[in-house]
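Below are the chains, spelled out letter by letter.
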Amino acid sequence: MDIKTIGVIGAGQMGSGIAHVFALAGYDILLHDVNEGAIGKAIENIEGNLGRQLKKGKISEDEKTAALARIKPAAKLDQLSGCDIVIEAATENSELKKAIFRELSEILNPDAIIATNTSSISITALAAVTDRPDRFIGLHFMNPVPVMKLVEVIRGIATSQQTFDVAKMLVDKLGKTMAVSEDFPAFIVNRILMPMINEAIYTLYEGVGTVEAIDTGMKLGANHPMGPLQLADFIGLDTCLSIMQVLYDGLADSKYRPCPLLVKYVEAGWLGKKSGRGFYDYKGEVPVPTR
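Residues numbered from 1 in each chain as written. Predicted model: local features only at pLDDT ≥ 70, side-chain atom pairs only at ≥ 80, totals over all residues. Heavy atoms only, no water.

A. Examining the pattern of salt bridges more closely. All chains considered together, the criterion is met by 11 salt bridges. Across the pair Lys4 and Asp2 runs a salt bridge, and its minimum N-O distance is 3.8 Å. Asp2 gets classed as exposed once you look at its relative accessible area, which sits at 55%. A salt bridge links Lys97 to Glu88; the nearest nitrogen and oxygen atoms lie 2.4 Å apart. Glu88 carries the same exposure label as Lys97, and that label is buried. Salt bridges sharing common partners tie together Glu88, Glu92 and Lys97. (Salt bridge = Lys/Arg side-chain N within 4 Å of Asp/Glu carboxyl O. Buried < 20%, exposed > 50% of the residue type's maximum accessible area, 1.4 Å probe, protein only.)

B. Layout of the UniProt feature "domain: 3-hydroxyacyl-CoA dehydrogenase C-terminal" (unreviewed entry) in the protein. Mapped onto the present numbering, the UniProt feature "domain: 3-hydroxyacyl-CoA dehydrogenase C-terminal" (unreviewed entry) falls at residues 187–282. Secondary structure within residues 187–282 divides into 62% helix and 2% strand; the distance between the first and last C-alpha atoms comes to 31 Å. (UniProt positions renumbered as here; feature names shortened; annotations may be inferred. Helix = DSSP H or I, 4+ residues; strand = E, 2+ residues; numbered from the N terminus.)

C. Highlighting the environment of Ser105. You can see Ser105 is positioned in helix H4 (residues 94–107). When the C-alpha atoms of Ser105 and Leu261 are compared, they prove to be 39 Å apart, with 156 residues separating the residues in sequence. Beyond its immediate chain neighbours, meaning those up to four positions away, Ser105 contacts Ile114, Thr130, Asp131 and Arg132. (Contact = heavy atoms within 4.5 Å.)

D. Looking closely at the pairing of strand S5 (residues 113–116). Burial of the side chains of S5 extends over both faces: Ile113 and Ala115 are buried on one face and Ile114 and Thr116 on the other. Following the chain from strand S4 (residues 85–88) across H4 to the adjacent parallel S5, one finds a crossover that is right-handed. The pairing of S5 with strand S6 (residues 136–141) spans 3 bridges and is parallel. In the strand pairing of S6, Ile114 is matched with Phe136. (Right-handed = clockwise from strand over helix to strand, strands pointing away. Pairing = 2+ DSSP bridges.)

E. A look at the packing of aromatic side chains. Tallying each qualifying case throughout the model produces 7 aromatic pairs. Here the aromatic rings of Phe101 and Phe136 are separated by 5.0 Å at their centres, their planes lie at 90°, and the arrangement is edge-to-face. Linking Phe101 in helix H4 with Phe136 in strand S6, this pair joins segments that are 35 residues apart in sequence. Assigned by exposure class, Phe101 and Phe136 land together as buried. Their ring planes at 80° and their centres at 5.2 Å tell us that Tyr265 and Trp270 sit as a pair that is edge-to-face. (Phe/Tyr/Trp six-rings, centres within 6.5 Å; stacked < 30°, edge-to-face > 60°.)

F. Layout of the packing of helix H7 (residues 189–205) against helix H11 (residues 260–268). Following both chains from N to C, one finds H7 and H11 inclined at 90°, their axes separated by 8 Å at the closest point. Taken together, the axes of H7 and H11 are roughly perpendicular relative to one another. Counted together, Asn198, Ile201, Tyr202, Leu204 and Tyr205 of H7 and Pro260, Leu261 and Leu262 of H11 form the full contact between these two elements. (Axes fitted to C-alpha atoms, helices over the stretch in contact; angles between N-to-C directions. Parallel < 35°, antiparallel > 145°, perpendicular 65-115°, else oblique.)

G. Local environment of the layout of surface pockets. By volume, the second largest pocket amounts to about 200 Å³. Around the second largest pocket, the lining residues are His20, Val21, Leu24, Ala25, Gln53, Ile59, Pro146, Lys149, Lys173, Leu174, Gly175 and Lys176. Residue composition of the lining of the second largest pocket, grouped by class: 6 nonpolar, 3 polar and 3 charged. (1 Å grid on protein atoms, 1.4 Å probe; cavity = no way out; pocket = protein on both sides within 12 Å on 5 of 7 lines; lining within 4 Å. Points joined across faces, edges and corners; volume = space filled by probe spheres on them. Nonpolar A, V, L, I, M, F, W, Y, C, P; charged D, E, K, R; others polar.)

H. View of the nonpolar core. Counting residues in each nonpolar core, the largest one holds 39 residues, and the members touching the most others are Ile6, Phe22, Ile29, Leu139 and Phe141. The element that contributes the greatest number of residues to this core is helix H1 (residues 13–24), accounting for 6 residues. Setting aside residues up to four positions removed in sequence, Leu139 forms contacts with Ile87, Ala115, Thr116, Asn117, Val151, Glu152, Val153, Ala167 and Val171. Within the second largest apolar cluster, 26 residues are counted, among which are Val211, Ile214, Leu241 and Leu261. (Core = buried A, V, L, I, M, F, W, Y, C linked by side-chain atoms within 4.5 Å.)

Encoded structure:
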């Protein structure tokens, strides 16, 4: 397939990052979100991130200008009808994603590919609600997308070889590395990462250590660039909880039971950096542990 135009659904941190890297790689982008204001904000953020890359000498002024010119807002979903591939990066909610894919199936060209950036949900189950399970694939980008080099590629049971080959070509064009995962709950990275974060939260919950002690221990004792509780805040505690629930429900193993403290924080709306408070309080210049 000759891919020229890519639709991105979801103008949050992941969607804007995906739009950023594909625009920089020369693709025309249509960025959609149910909140029209979020699209404009995302394009502003992309411009700022491109500016940082320019200052670091990673891209030229011409590359920045050309990339921004390739990103167009799409307030309505049917504006994506002519896209060669659409990548969904909406909230990590199975029913929401399925609703999007049902609607997409009705408007897209028959040959167009649908991809999802889900970090945990079954590709096969999502593909089943579309009219093209053979042209459906998981493309799980890591956050932040412009910085992280890995893309997990996940085939559903019906995904065709041609669709997989297109996905591989796109990852190569971005200069990123592909890790192929089987379609099991949370795939590879989050299957390993999220239980570690959940265990760190249990360690806090049981009073083994404070937020600062746990994060310092893992940074200096295990050489992690970021402590697990700080990382959880960065990812979003609602996303962490959602992935742990997918693991717990999908694998029926008690070791994946979400920590009650994680559940409590999400119930309180303490979702991490994006809400201003999680395991750290982000209201001041320096994050302050909340426990």
